[in-house]
Amino acid sequence: MWGHNYLATINEIQAVMSDPHMFGDGPNATIYGLADRFTGVTPCCTANFNQAWPKLVMSTVMETSDPTPTIVVAIYAPVRAELPPAAWGVGAYVDIVTDYPFGDSVAVTIAGTAKGGNLRLRIPGWATHANVSVNGDRPAAVAPMQYFTVPVGVGTTAVRLNLNPEVRVETGWGEAGYNSAVVSRGPLLFALGLDESYELLHSPWACFASGCSTDQAARSKGEWAYSLVLPPGADGQPTSKAMVFTRSGPPDEVPFGSGGSSVTIKAQARRVYNWTMDARFPTSAAHPPVSPLACTPQDCGDIVPISLVPFGASRLRVGMFPWTLS
């Protein structure tokens, strides 16, 4: 990790020196750099930034014995964990194979057990069509927002969780009354990734075999002011039925980078002519206009396709949109 910004916004069109900055955290709060005398970012960010992934993995598998020995899989990630010998037997382990959050299935194998117990799987609230298969049996539907319990016997127990997420649109985002929209699928928030160009703000502070510490500004010259087209459902409310999710393959080696993504959502959108940069803070996007928009030819462009990627798969992006029904 050689560069991060101190502040990341859901709609980040430019990551440049900004004076004044809309959040008041200093002109360099959104450039990409490391803690040093130029950015003024405190060293705690540099130290804490790298701790997220190992701490996430450390929280994936937990164990309880109240009243029955139970393995709890609370977070889905590809890990293998040894189980307490006193409860499960010497050499027992749990193995999790998954591409989550980019994949939709999780294979959990508990092997080498000399004693029985339970396995509990967290079923997220958005997984309204999830099902579970045990030892190759026919999948059975499971309810969301709960921990689903699977009995574990002696030897090997193989469980497959299929999360089957759907593309979801949520309105009501942003400041009160603006009713902006976001798009998600499973645990991932999606955003319109923008073209990016970088400016090195000075020579590297230091270089090592793994890379150099620099401060960079990121800019985009592409179109970004789009309104999502959300066709109404039978109840007249906006829906995601015009959106199509695609997966081109397994996750990239660096899935949260700026080189694109193996998962995308194709959506329909219109240019919004009066959505511009904020007049008070010219390097930041203004708040999206109040939705739903009445898109006249004077206000909006024609319907065009846009491609959304996971929020972290771009440095510059639009993740909160105005919207129109047609």
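Summarised in this report is the structure supplied together with it.

## A short note on the sheet that holds strand S10 (residues 146–152)
Thought 1: Reading across from one edge, S2-S3-S7-S10 is the order of the four strands in this open sheet, with mixed pairing throughout. Both edges of this open sheet fall to strand S2 (61–64) and S10, since each of them pairs with a single strand only. Adjacent strand axes in the sheet meet at a mean angle of 25° when their direction is disregarded.
Thought 2: Relative to strand S3 (residues 70–73), S2 is paired through four bridges, and the arrangement is antiparallel. In the sheet register, Glu63 faces S3, and the bridge partner there is Ile71.

## Regarding the environment of Asn162
Thought 1: As for its placement among the helices and strands, Asn162 is situated in strand S11 (residues 155–162).
Thought 2: Linking Asn162 and Asp137, residues 25 residues apart in sequence, is a C-alpha distance of 13 Å.
Thought 3: Those residues in contact with Asn162 that lie beyond four places of it in its chain are Asp104, Ser105, His129, Ala130 and Asn131.
Thought 4: Polar contacts involving the side chain of Asn162 include one to the side chain of Asn131, which spans 2.8 Å.

## Some remarks on the pattern of salt bridges
Thought 1: Scanning the model with the defined rule gives seven salt bridges in all.
Thought 2: For Arg317, the salt bridge goes to Glu12, with nearest N and O atoms at 3.4 Å. Residue Arg317 is found in strand S23 (residues 317–318), and its partner Glu12 is found in strand S1 (residues 11–12); the two are separated by 305 residues along the sequence.
Thought 3: According to the relative accessible area criterion, Arg317 is buried, its value standing at 3%.
Thought 4: Put simply, Arg219 and Glu199 hold a salt bridge, and the shortest N to O gap is 2.7 Å. Remark: Glu199 occurs in strand S15 (residues 197–200) and Arg219 occurs in strand S18 (residues 216–219); sequence separation between them is 20 residues.
Thought 5: Via salt bridges that share partners, Asp104, Arg185 and Arg247 belong to a single interconnected network.

The rules we used
- Residues numbered from 1 in each chain as written.
- Predicted model: local features only at pLDDT ≥ 70, side-chain atom pairs only at ≥ 80, totals over all residues.
- Heavy atoms only, no water.
- Pairing = 2+ DSSP bridges.
- Helix = DSSP H or I, 4+ residues; strand = E, 2+ residues; numbered from the N terminus.
- Axes fitted to C-alpha atoms, helices over the stretch in contact; angles between N-to-C directions.
- Contact = heavy atoms within 4.5 Å.
- Polar contact = N/O pair within 3.5 Å; in protein donor to acceptor, adjacent residues only side chain to side chain.
- Salt bridge = Lys/Arg side-chain N within 4 Å of Asp/Glu carboxyl O.
- Buried < 20%, exposed > 50% of the residue type's maximum accessible area, 1.4 Å probe, protein only.

Read these as geometric descriptors, not functional statements.
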